[in-house]
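Here is how the chains run, residue by residue.
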Amino acid sequence: MNRNDQVQLLLSHAFFRELKPVDTKALFSAGAVKAIPAGGLLFTENSPADGLFFVLSGIFEVRILQNVNEDVVLARIQSGEVIGEIGLLNNKPRTATIRAETDAFVWHLPAETFEGLLSRGDHLAAGLLKGMSEDLCKRFRAVVYEGASLLGSIAPETIEKIRDDHFRRERQ
């Protein structure tokens, strides 16, 4: 995949759709393309959030630690998807481990670069934030709807425990 194809793929994602092509090319140049071999780690759960990643090719597993020596695959992320945006936005440690299932290429936008773009307060920053907000709201709604359909089968005390655990972690 050449650079123009990579930029076009970036433009196809909701995070970047509000940007002008010239701004997307400039943004792409501010990051770096990285190769991740199959089995390689992009980042680990609880590591510092150092930026966001856009999958140019390959498949990644989203894993969380369930028990001391056991992790669970929650999802698979593939070409055209973003990884690491939550940690970038809330400046908290990574919530999952991301491992390449296949050989992959990602585009990495460092946190410092992202923060520098936002501090400019121009149309590029506004477009990026608008695209990110719209995509995150869409995904949040999907999770809420899916969760609502599951709630009927979960005991109220279990829901309360999940909520309390979440808020306890948020305060840490």
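Scroll up to find the structure this text is about.
Since the structure is predicted, the reported quantities are computational estimates derived from the model, not experimental observations.

Undergrad: Quick one: what's the story with the overall build of the protein chain, residue by residue and with numbers?
TA: Helix and strand content of the protein chain: 6 helices and 8 strands. Put simply, the protein chain runs from its N terminus to its C terminus through helices and strands in the order α-α-β-β-β-β-β-β-α-β-β-α-α-α. Here the contacts in the protein chain between residues at least 6 apart in sequence split such that 75% fall between residues at least 24 apart. Carbon together with sulfur atoms contributes 56% to the accessible area of the protein chain, which is approximately 10300 Å² in total.

Undergrad: Give a detailed account of helix α1 (residues 3–12), specifying residues and quantitative values.
TA: Turning to α1, its buried residues number three or more, namely Gln6, Val7, Leu9, Leu10 and Leu11. The inward-facing, buried residues of α1 contact α2 (21–30), β1 (32–36), β3 (51–57) and β8 (104–110). Measuring from the side-chain oxygen of the N-cap residue of α1 to the backbone nitrogen of Asn4 gives 3.0 Å; that N-cap residue is Asn2.

Undergrad: How would you explain the sheet that holds strand β2 (residues 41–43) if you had to name every residue and give the values?
TA: The strands making up a sheet are joined through hydrogen bonds of the backbone, oriented either antiparallel or parallel. The antiparallel open sheet is built from 4 strands, whose spatial order is β2-β7-β4-β5. Every other strand in the sheet has two partners, leaving β2 and β5 (70–78) as the edge strands with one partner each. Strand-to-strand twist of the sheet, defined as the mean angle between neighbouring strand axes without regard to direction, takes the value 30°. By the bridge criterion, 2 bridges tie β2 to strand β7 (residues 97–100) in an arrangement that is antiparallel. By the bridge assignment for β7, Phe43 is matched with Ile98.

Calculation criteria
Residues numbered from 1 in each chain as written. Predicted model: local features only at pLDDT ≥ 70, side-chain atom pairs only at ≥ 80, totals over all residues. Heavy atoms only, no water. Helix = DSSP H or I, 4+ residues; strand = E, 2+ residues; numbered from the N terminus. Contact = heavy atoms within 4.5 Å. Areas by Shrake-Rupley, 256 points an atom, 1.4 Å probe, with all protein chains shown as cover. Buried < 20%, exposed > 50% of the residue type's maximum accessible area, 1.4 Å probe, protein only. Polar contact = N/O pair within 3.5 Å; in protein donor to acceptor, adjacent residues only side chain to side chain. Pairing = 2+ DSSP bridges. Axes fitted to C-alpha atoms, helices over the stretch in contact; angles between N-to-C directions.

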